[in-house]
Amino acid sequence: MLSKCLFPAAGYGTRFLPLTKAMPKEMLPIVSKPLIQYGVEEALSAGITTMAIVTGRGKRAIEDHFDISYELEHQIKGSDKESYLTEIRSLIQKCTFSYTRQIEMKGLGHAILSGETLIGKEAFAVILADDLCDNPCGETVLLQMKRVYERYRCSIVAIEEVATEHVHKYGIISGKEIDSNVFMIDNMIEKPKIDEAPSNLAVIGRYILTPDIFDILKTTPPGKNGEIQITDALLQQCKKGMVLAFKFQGKRYDCGSVDGFVEATNEFYKKYH
Ligand code: G1P
């Protein structure tokens, strides 16, 4: 059973400054919902109801969003505006939210390790909320990954092909296709230069991790940019056993970049508003 999803949400969101000076980047709106709410909805679609959020200083708005605002409820009670709260009310009812703080910003691997206290010794999902995934005609990306996990019971990363000039922005994997869209990873490198990239298969912000990753992370030295990288820890896990990469169905928007954010906003407005 996969019952918990970790959301690393302590990053500064520097690409959106000055907007993110006082506002968490995870609260950036795609039309009328913040990015992190789309992530929570995706986790729920995969049957996950425990949301474990790794926050940092200045991220209080995330906790307030997944809580009841009594003043607001009182103000709009009985009016037609109540319908705007239907979705978030239902999420709050179905899910539990727990939080821990990442005290120092030492990379994604360090953020995930900071969440150990909320996860314990079970396999868990990870969603990077600024990668917004949409698959209007089928299952959500995390639900597709859960099905792969149920079959193989090992760590899984979601991948997509990217243009070679973009490989330096991602964790890049190589591996052998063992099943339709499922690759057994034999190498992975965090943000390689074009000539060092083992392929153009890029990891996007969806992972299912087995809990032994925490012990590996504890001994993973700082890598690219002096940060503890989940990519490096996964390569270790891969050498000890097996890690899979899954080429998902659907579209991913890089909402950590202004261009991706604007594209997602326009498409979600056209499709869902
Ligand atoms: C992180 C990971 C990287 C992955 C990317 C997906 O990088 O370190 O391996 O490809 O997320 O969005 P970041 O975007 O935090 O620099």
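Okay, so let's go over this structure. (Residues numbered from 1 in each chain as written. Predicted model: local features only at pLDDT ≥ 70, side-chain atom pairs only at ≥ 80, totals over all residues. Heavy atoms only, no water.)

## Considering the packing of helix H1 (residues 35–45) against helix H4 (residues 86–94)
- Their axes nearest at 11 Å, the elements H1 and H4 cross at an angle of 55°. Put simply, H1 runs oblique to H4. Along this stretch, H1 crosses H4, giving a crossing that reads as left-handed. In this structure, H1 uses Gln-37, Val-40, Glu-41 and Leu-44 to contact H4, whose residues at the interface are Glu-87, Ile-88, Leu-91 and Lys-94.
- Taken together, the residues that form the contact of H1 with H4 break down as four nonpolar, one polar and three charged. (Axes fitted to C-alpha atoms, helices over the stretch in contact; angles between N-to-C directions. Helix = DSSP H or I, 4+ residues; strand = E, 2+ residues; numbered from the N terminus. Parallel < 35°, antiparallel > 145°, perpendicular 65-115°, else oblique. Left-handed = near helix turned anticlockwise from the far one by under 90°. Contact = heavy atoms within 4.5 Å. Nonpolar A, V, L, I, M, F, W, Y, C, P; charged D, E, K, R; others polar.)

## What to know about the site of the ligand
- The full set close to the ligand counts 13 residues, and Asp-131, Gly-171, Glu-190, Lys-191 and Val-203 are the nearest of them.
- At 2.8 Å from an oxygen atom of the ligand is found a side-chain nitrogen or oxygen belonging to Lys-191.
- Val-203 places a main-chain nitrogen or oxygen 2.6 Å from an oxygen atom of the ligand.
- Alone, the ligand offers 380 Å² of accessible surface; in the complex the protein occludes 77% of this.
- Judged by the proximity of its atoms to the pocket grid, the ligand belongs to the largest pocket.
- Considering each element in turn, the shell around the ligand owes the most residues, four residues, to strand S11 (residues 201–209).
- By residue class, the composition of the shell around the ligand is six nonpolar, four polar and three charged. (Near = heavy atom within 4 Å. Polar contact = N/O pair within 3.5 Å; in protein donor to acceptor, adjacent residues only side chain to side chain. Areas by Shrake-Rupley, 256 points an atom, 1.4 Å probe, with all protein chains shown as cover. 1 Å grid on protein atoms, 1.4 Å probe; cavity = no way out; pocket = protein on both sides within 12 Å on 5 of 7 lines; lining within 4 Å. Sits in = over half its atoms within 2 Å of the grid points.)

## Remarks on the side chain of Thr-20
- Within the secondary structure layout, Thr-20 lies in the loop between strand S1 (4–8) and strand S2 (29–30).
- On the basis of relative accessible area, Thr-20 is assigned to the buried category, the value being 7%. (Buried < 20%, exposed > 50% of the residue type's maximum accessible area, 1.4 Å probe, protein only.)

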